[in-house]
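# Working through the structure, step by step
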Amino acid sequence: MQIGADEAGKGPVLGPMVAAAVRAPASTLPAGVDDSKRLAPARRRELADQIRSADAVSVGVAVISPTRIDDPETDMNGLTVAGQVEAIADVAHDDDSVVVDAGDVDAERFGRRVAAGVDAAVTVRSEHRADENHAHVAAASVVAKVVRDSRVEALAETYGDLGSGYPSDEQTRTFLAAYVRDHGELPGCARASWSTCADVLAAAEQSSLSEF
């Protein structure tokens, strides 16, 4: 059986990274499945529902928390491997064929690390932009993105509008600056080890000093 794996949320400063794996006969994947970045949010949710509801489809998901991301003993390449391994392990059977979206500049190295982490006797092929070229990986991309978006929406219910969570998002930067100003610390959903957080804390400290 074929499995595809991918992740969403590798680069944000807020919220988790989510990895997903989809195991399915090719004929059961919905028409129009594509790299999640090329799909509108409503279409992603629709496709994710179709993927999850198909009887012959198995879905594995791994959520990598900000606390785990901030662990100094880890790095994002290793966590991307770990996330994909955990998601694949949820669905893999011996003799499955796995295609993963490479989270490393060296695609072959990434594939070897994923294969070494999965207990089942699977074959793993790792490619850059696999979510654009393989339907199973695209399906995993969609599932991962929808789960990641739902986690960010849940955070917004707690914290208010925090934007997409990406450092390039003005609303995310505004939220972080306001939270630190009001609370004197970063929110629990932040990846404290990210340079964006260091910049926000430094700006808040400078602002405080300038008041004296």
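Here the largest pocket defines a volume of roughly 260 Å³. The wall of the largest pocket is formed by 15 residues, among which Glu-7, Ala-8, Gly-9, Lys-37 and Tyr-166 lie closest to the centre. Only strand S1 (2-8) and helix H6 (135-159) provide two or more residues apiece to the lining of the largest pocket. If one sorts the elements of the lining of the largest pocket by residue count, S1 sits on top with three residues. Looking at the lining of the largest pocket residue by residue, the classes come out as three nonpolar, five polar and seven charged.

Moving on, we get to the sheet that holds strand S3 (residues 58-64). A sheet is described by the order of its strands in space; here five strands give the open sequence S3-S2-S1-S4-S5, paired in mixed fashion. Each of the sheet's edge strands pairs with one partner strand only, and the pair in question is S3 and strand S5 (123-127). In this sheet, adjacent strand axes meet at a mean angle of 20° when their direction is disregarded. Two elements, strand S4 (residues 97-101) and S5, share five bridges in a ladder whose sense is parallel. Residue pairing across strands places Val-99 opposite Arg-125, the latter belonging to S5. Of the strands in this sheet, S4 and S5 touch helix H4 (residues 107-117), which is tilted by about 150° from S5.

What follows covers the pairing of S1. Buried residues dominate S1, accounting for six of its seven residues. As paired elements, S1 and strand S2 (residues 17-24) share seven bridges and run antiparallel to each other. From the neighbouring strand, Ala-5 faces S2, where its bridge partner is Ala-21. Sheet analysis places S1 next to S4, joined by four bridges and oriented parallel. Across the sheet, Gly-4 pairs through a bridge with Val-99, a residue of S4.

Moving on to the packing of helix H1 (residues 41-53) against H6. Two elements in contact, H1 and H6, have axes whose closest approach is 9 Å; the angle formed by their N-to-C orientations is 115°. Here H6 runs roughly perpendicular to H1, going by the angle between their axes. Read as a crossing pair, H1 and H6 show a hand that is left-handed. On H6, the residues touching Arg-44, Arg-45, Leu-47, Ala-48, Ile-51 and Arg-52 of H1 are Ala-139, Val-142, Val-143, Lys-145, Val-146, Val-147 and Asp-149. Its residues placed into classes, the contact of H1 with H6 shows eight nonpolar, no polar and five charged.

S2 sits mainly inside the fold: eight of its eight residues count as buried. Burial along S2 is two-sided: the face carrying Met-17, Ala-19, Ala-21 and Arg-23 and the face carrying Val-18, Ala-20, Val-22 and Ala-24 are both buried. Judged from the seven bridges that link them, S2 and S3 form a sheet pairing that is antiparallel. Directly across from Ala-21, in S3, lies its bridge partner Gly-60.

All right, on to the pattern of salt bridges then. For the coordinates displayed, the defined rule picks out 12 salt bridges. Note that Arg-68 and Glu-86 form a salt bridge whose closest N and O atoms lie 2.7 Å from each other. Of the two residues, Arg-68 sits in helix H2 (residues 66-70) while Glu-86 sits in helix H3 (residues 76-89), which places them 18 residues apart along the sequence. Look at Arg-68 and you get partly exposed, because its relative accessible area is 30%. We note a salt bridge from Glu-132 to Arg-129, for which the minimum N-O separation is 3.1 Å. For Glu-132, a relative accessible area of 26% puts it in the partly exposed group. Connected through shared salt-bridge partners, Asp-34, Arg-38, Arg-129 and Glu-132 make up one network.

Quick notes on the rules
Residues numbered from 1 in each chain as written. Predicted model: local features only at pLDDT ≥ 70, side-chain atom pairs only at ≥ 80, totals over all residues. Heavy atoms only, no water. 1 Å grid on protein atoms, 1.4 Å probe; cavity = no way out; pocket = protein on both sides within 12 Å on 5 of 7 lines; lining within 4 Å. Points joined across faces, edges and corners; volume = space filled by probe spheres on them. Helix = DSSP H or I, 4+ residues; strand = E, 2+ residues; numbered from the N terminus. Nonpolar A, V, L, I, M, F, W, Y, C, P; charged D, E, K, R; others polar. Pairing = 2+ DSSP bridges. Axes fitted to C-alpha atoms, helices over the stretch in contact; angles between N-to-C directions. Contact = heavy atoms within 4.5 Å. Buried < 20%, exposed > 50% of the residue type's maximum accessible area, 1.4 Å probe, protein only. Parallel < 35°, antiparallel > 145°, perpendicular 65-115°, else oblique. Left-handed = near helix turned anticlockwise from the far one by under 90°. Salt bridge = Lys/Arg side-chain N within 4 Å of Asp/Glu carboxyl O.

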